[in-house]
Amino acid sequence: MNLHEYQAREILRRYGIPVPPGDVASTPAEARAIAERFGGKVVVKAQVHAGGRGKAGGVKLAKTAAEAETHAKAILGMTIKGLTVQKVLIAPTAAIASESYVGIIVDRASQRPVLMVSPAGGIDIEEVAAKTPEKIHRLAVDPRYGLLAHQALALGFALYKDVKQARAAADIMQKLYTAVYGVGASLAEINPLVTTPDDAVEALDAKIAIDDNELERRPDIAALRDVSAEAPEEVAAREAGLTFIKLEGTVGCCVNGAGLAMATMDLVKYYGGEPANFLDIGGSSNPQKVVSALRIITSDPRVKVILFNIFGGITRGDDVANGIVQATREFTLKVPIVIRLTGTNEQLGVEILRKAGFSALTDMDEAVKQAVALLKGRVA
Amino acid sequence: MSVFIDNATRLVIQGITGRDGSFHAKQMMEYGTQVVAGVTPGKGGQRFENSVPVFNTVAEAVAATTANTSVIYVPAAVAASAIFEAADAGIRLVICITEGIPVLDMTRVLPFVRERGARLLGPNCPGLISPGKSKVGIIPGNICKPGKIGVVSRSGTLTYEIIHQLSTHGLGQSTCIGIGGDPLIGTNFIDCLTAFQADAETDAIVMIGEIGGTDEQQAAEYAQREVKKPIVGFIAGQTAPPGRRMGHAGAIISGSSGTAAEKMAAFEKAGISVMKRPADVVPLLQERM
């Protein structure tokens with residue numbers, strides 16, 4: 001789960017990291033009031049889970065509170081990468097002496113949280129990694145001891161020559177490390193970490209992603225979820241216990257297991273089709289999940305054929321079959337459906353489907369071929 | 001001989017009285033796995049299915065039954081704790097089926113398990129099976145056949161698909177291992193390739209990876225140097241859009257490392273035959289053996 005910039009800033013503040021002032025507004029009038037409070041010279045920033053906000057016109061400078069209101073009016077309701085802007089962050093513009101980067105991400109290879117810092121801040125760290133990798137300093141932190149003071153200070157000196165600034169940066173790094181474990185973040189970035197003309201070190205912009213597996217035990221963090229910032233089908237899928245990602249194609253896929261779901265999408269492409277989605281009904285066996293899955297798939301007008309690929313393990317074939325039959329009682333599918341069903345309780349499932357007028361295949365390749373053929377009007 | 005489990009495996013099931021634990025306990029017992037104990041705090045003294053003794057703690061189970069392997073079916077909220085407990089009790093091989101353990105918990109679990117000299121398989125994995133001998137986890141026994149192919153995979157049902165292709169074409173398996181789809185796991189591809197290379201009953205290896213991370217690339221380099229047996233590989237997620245989470249926490253493409261194309265190229269460079277689709281596994285193996 002991604003947090004908005006204003007939410008991430010709030011978390012950093014809570015962990016004692018210096019963050020310049022700023023407030024969030026949902027209406028142009030609120031934006032104006034906040035801007036007045038900050039003396040009028042502010043930046044208005046769209047709060048949306050998409051990169052390239054600036055390029056899309058979602059970040060604007062204002063010289064007066066009235067101008068801030070005009071900018072907020074333009075930005076609120078704007079669509080950036082398919083997401084509607086519901087909130088703007090209003091922050092006073094500040095003079096900046098330098099911009100650096102500080103980030104913590106859990107690294108798969110070392111299996112540790114890795115602290116990354118770079119004196120080249122304010123741009124994407126991926127860009128720095130590609131163009132000037134020597135400007136990135138890394139440290140894999142031993143989680144048994146945490147980020148030690150001397151380690152943080154060494155990285156502080158990688159950013160600043162001045163000992164006061166290096167110490168301030170080290171302190172921020174240690175607090176950021178504590179925040180990562182405190183909120184269950186899979187990624188926490190301060191970009192840019194700035195120095196001001198009076199030599200203070202502050203976190204100007206922040207990005208925090210929370211590991212979804214942490215949300216159950218952290219209701220306060222889970223409450224930060226902004227449903228309006230996500231695609232509606234993905235929200236519906238999550239609420240139904242499904243993993244769903246919308247794609248651009250026409251073959252609606254419904255599969256049990258993430259690996260098999262990806263392999264099914266790949267096979268659709270292999271035979272000349274394009275998958276409309278990734279959908280994993282998960283390991284458990286529940287007809288209602290299948291109904292929800294079909295509802296989400298058929299709500300996409302681009303879907304021209306539905307493809308089920310079920311290899312029963314924990315998932316039982318009869319449960320899936322019952323779900324499909326139940327769905328057709330609740331709503332019309334409108335497009336043809338191809339079902340591949342094998343594994344646990346395969347016979348029961350096939351029988352349930354046969355009675356309801358559906359046929360099922362046992363081979364994955366055959367099913368995908370048939371789905372793509374239906375798409376192209378050549379009924380196999 | 002087989003890999004990681006065999007006839008000497010003495011299994012304790014953590015969460016044996018739960019919904020998933022009890023179901024799979026019965027399946028494993030029917031398959032012939034030596035289930036010597038179960039653990040559910042508060043249910044110590046009971047017997048599961050009138051035979052398997054249940055203990056309050058893993059330490060008690062080990063002391064009473066000399067269990068050497070554990071499998072975990074407890075809910076995600078307590079699964080990290082269950083791994084700590086198993087390793088602390090002297091269990092040599094811990095298999096964690098549970099899905100949904102926070103990654104930060106795993107940063108603390110993994111060094112602990114290694115310090116205790118134990119091996120962790122998973123989490124978020126289907127476990128492993130040596131067809132005809134022993135199975136620990138949830139891989140359906142009926143789709144497997146005893147034979148000479150070693151299978152290692154990051155996926156669950158996709159592994160079943162590949163095993164099914166092998167079995168229906170007469171290619172039995174020595175051991176099938178699901179290493180799990182999470183970003184931080186206890187046993188990786190290289191560990192399994194090493195074991196299969198050393199296993200006299202394995203003639204060829206099938207390796208099933210997916211997008212995200214660089215485990216497959218590192219395994220390919222290792223295989224080129226150290227593995228003399230033929231390997232056939234598959235990467236799921238060729239059509240996955242960059243940067244999107246596809247169900248497995250592990251399947252995130254970040255930057256240039258971790259795409260299917262990159263992994264498939266690494267396989268080819270290392271002399272691993274690359275399947276374009278699951279059905280290619282049989283012809284490619286036949287070509288290589």
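Residues numbered from 1 in each chain as written. Chains lettered and ligands numbered in written order. Predicted model: local features only at pLDDT ≥ 70, side-chain atom pairs only at ≥ 80, totals over all residues.

### A look at the overall build of chain A
Scanning chain A for helices and strands turns up 13 helices and 17 strands. In terms of principal-axis extent, the alpha carbons of chain A reach across some 80 × 50 × 40 Å. Looking at chain A as a whole, 50% of its 380 residues are labelled buried. Within chain A, residue pairs in contact and separated by at least 24 positions form 67% of the contacts whose partners lie at least 6 positions apart. (Helix = DSSP H or I, 4+ residues; strand = E, 2+ residues; numbered from the N terminus. Buried ≥ 20, exposed ≤ 12 C-beta atoms within 10 Å, placed from the backbone. Contact = placed C-beta atoms within 7 Å.)

### Observations concerning the interface of chain A and chain B
Contact with chain A, which involves 43 residues of that partner, is made by 42 residues of chain B. Breaking the side of chain A that touches chain B down by element, the ones donating at least two residues are β8 (112-118), β13 (243-246), α9 (258-270), β15 (277-280) and α13 (364-375) of chain A. It is α9 of chain A that contributes the most residues to the side of chain A that touches chain B, 11 residues altogether. A per-class count over the side of chain A that touches chain B returns 20 nonpolar, 11 polar and 12 charged. (Nonpolar A, V, L, I, M, F, W, Y, C, P; charged D, E, K, R; others polar.)

### Focus on the packing of α9 of chain A against helix α5 (residues 157-168) of chain B
Following both chains from N to C, one finds α9 of chain A and α5 of chain B inclined at 65°, their axes separated by 5 Å at the closest point. Comparing the axis directions of α9 of chain A and α5 of chain B gives the class roughly perpendicular. Counting all contacts with α9 of chain A, which are made through G259, L260 and A263 of chain A, the residues of α5 of chain B involved are T157, L158 and E161 of chain B. The class makeup of the residues in the contact of α9 of chain A with α5 of chain B is 3 nonpolar, 2 polar and 1 charged. (Axes fitted to C-alpha atoms, helices over the stretch in contact; angles between N-to-C directions. Parallel < 35°, antiparallel > 145°, perpendicular 65-115°, else oblique.)

### Considering the domain arrangement of chain A
Each domain of chain A was delimited in the assignment, giving domain 1 (21-92), domain 2 (98-222) and domain 3 (231-375). On a C-alpha basis, the centres of domain 1 of chain A and domain 3 of chain A stand 42 Å from each other. (Domains from an automatic or database assignment.)

### Some details on the sheet that holds strand β8 (residues 127-130) of chain B
Residue and element names in this part refer to chain B. Taken in spatial order, the 7 strands line up as β9-β8-β11-β10-β12-β13-β14 in an open sheet, and their pairing is mixed. This sheet does not close on itself; its edge strands, each paired only once, are β9 (134-137) and β14 (273-274). Two elements, strand β10 (residues 146-153) and strand β12 (residues 204-210), share 5 bridges in a ladder whose sense is parallel. Following the sheet pairing, S153 is matched in β12 by I208. (Pairing = 2+ DSSP bridges.)

### Comments concerning the pairing of β10 of chain B
The pairing of β10 of chain B with strand β11 (residues 173-178) of chain B spans 6 bridges and is classified as parallel. From the neighbouring strand, I149 of chain B faces β11 of chain B, where its bridge partner is Q173 of chain B.

### Re the domain arrangement of chain B
Residues and elements named next belong to chain B. The domain architecture assigned to chain B consists of domain 1 (11-121) and domain 2 (139-288). Averaged C-alpha coordinates put domain 1 and domain 2 at centres separated by 26 Å. Put simply, the parts of the chain that give the side of domain 1 that touches domain 2 at least two residues each are α4 (103-115) and β7 (119-121). Each residue belonging to the side of domain 1 that touches domain 2 can be placed in one class, and the counts come to 7 nonpolar, 1 polar and 1 charged.

### Observations regarding α13 of chain A
Relative to the 16 Å expected for 12 residues at 1.5 Å per residue, α13 of chain A spans 17 Å between its end C-alpha atoms, a close match to the ideal helical length. Within α13 of chain A, the full set of buried residues consists of M364, A367, V368, K369, Q370, A371, V372, L374 and L375 of chain A. Looking at the packing, one finds that the buried side of α13 of chain A touches β14 (251-255), α9, β16 (305-312) and β17 (337-343) of chain A together with α5 of chain B. Positive phi shows up at G377 of chain A, right after α13 of chain A, with a value of about 75°. (Expected span 1.5 Å × (residues − 1).)

### Observations regarding the environment of T264 of chain A
All names here are of chain A. Tracing the sequence through the fold places T264 in helix α9. Judged by C-beta crowding, with 31 C-beta atoms within 10 Å, T264 ranks as buried. Along the sequence, T264 and Q111 sit 153 residues apart, while their C-alpha atoms lie 30 Å from each other. The contacts of T264, once residues within four sequence positions are left out, are C253, V255, N309 and V368.

### Side note on the pairing of strand β6 (residues 93-96) of chain B
Residue and element names in this part refer to chain B. Neither face of β6 is left uncovered, since the one carrying L93 and I95 and the one carrying V94 and C96 both have all their residues buried. Crossover handedness for the path strand β5 (residues 69-72) to helix α3 (residues 76-88) to β6: right-handed. Pairing of β6 with β7, which is carried by 3 bridges, proceeds in the parallel orientation. Counted as the bridge partner of V94 is L120 from β7. Viewed along the sheet, the connection from β6 through α4 into β7 turns out right-handed. (Right-handed = clockwise from strand over helix to strand, strands pointing away.)

### Some points on the nonpolar core
One finds L279 of chain A together with I72, I83 and V94 of chain B to be the most contacted residues of the largest nonpolar core, which totals 153 residues. Among the elements that line this core, the one with the most residues is α9 of chain A, at 8 residues. Not counting residues within four places of it along the chain, the set of residues in contact with I83 of chain B comprises I72, V94, C96, V109, V113 and L120 of chain B. Judged by nonpolar contacts, the second largest core, of 44 residues, contains I11, I104, L139 and A169 of chain A. (Core = buried A, V, L, I, M, F, W, Y, C linked by C-beta atoms within 7 Å.)

### Things to note about the packing of helix α6 (residues 189-198) of chain B against helix α7 (residues 215-226) of chain B
All names here are of chain B. One can describe the packing of α6 onto α7 by two numbers: an axis separation of 9 Å at closest approach and a directional angle of 25°. Comparing their axes, α7 and α6 come out roughly parallel. Helix-helix and strand crossings are classified by hand; for α6 and α7 the assignment is right-handed. Where α6 approaches α7, its residues F189, I190, L193 and Q197 are matched on the opposing element by D215, E216, Q218, A219, Y222, A223 and E226. (Left-handed = near helix turned anticlockwise from the far one by under 90°.)

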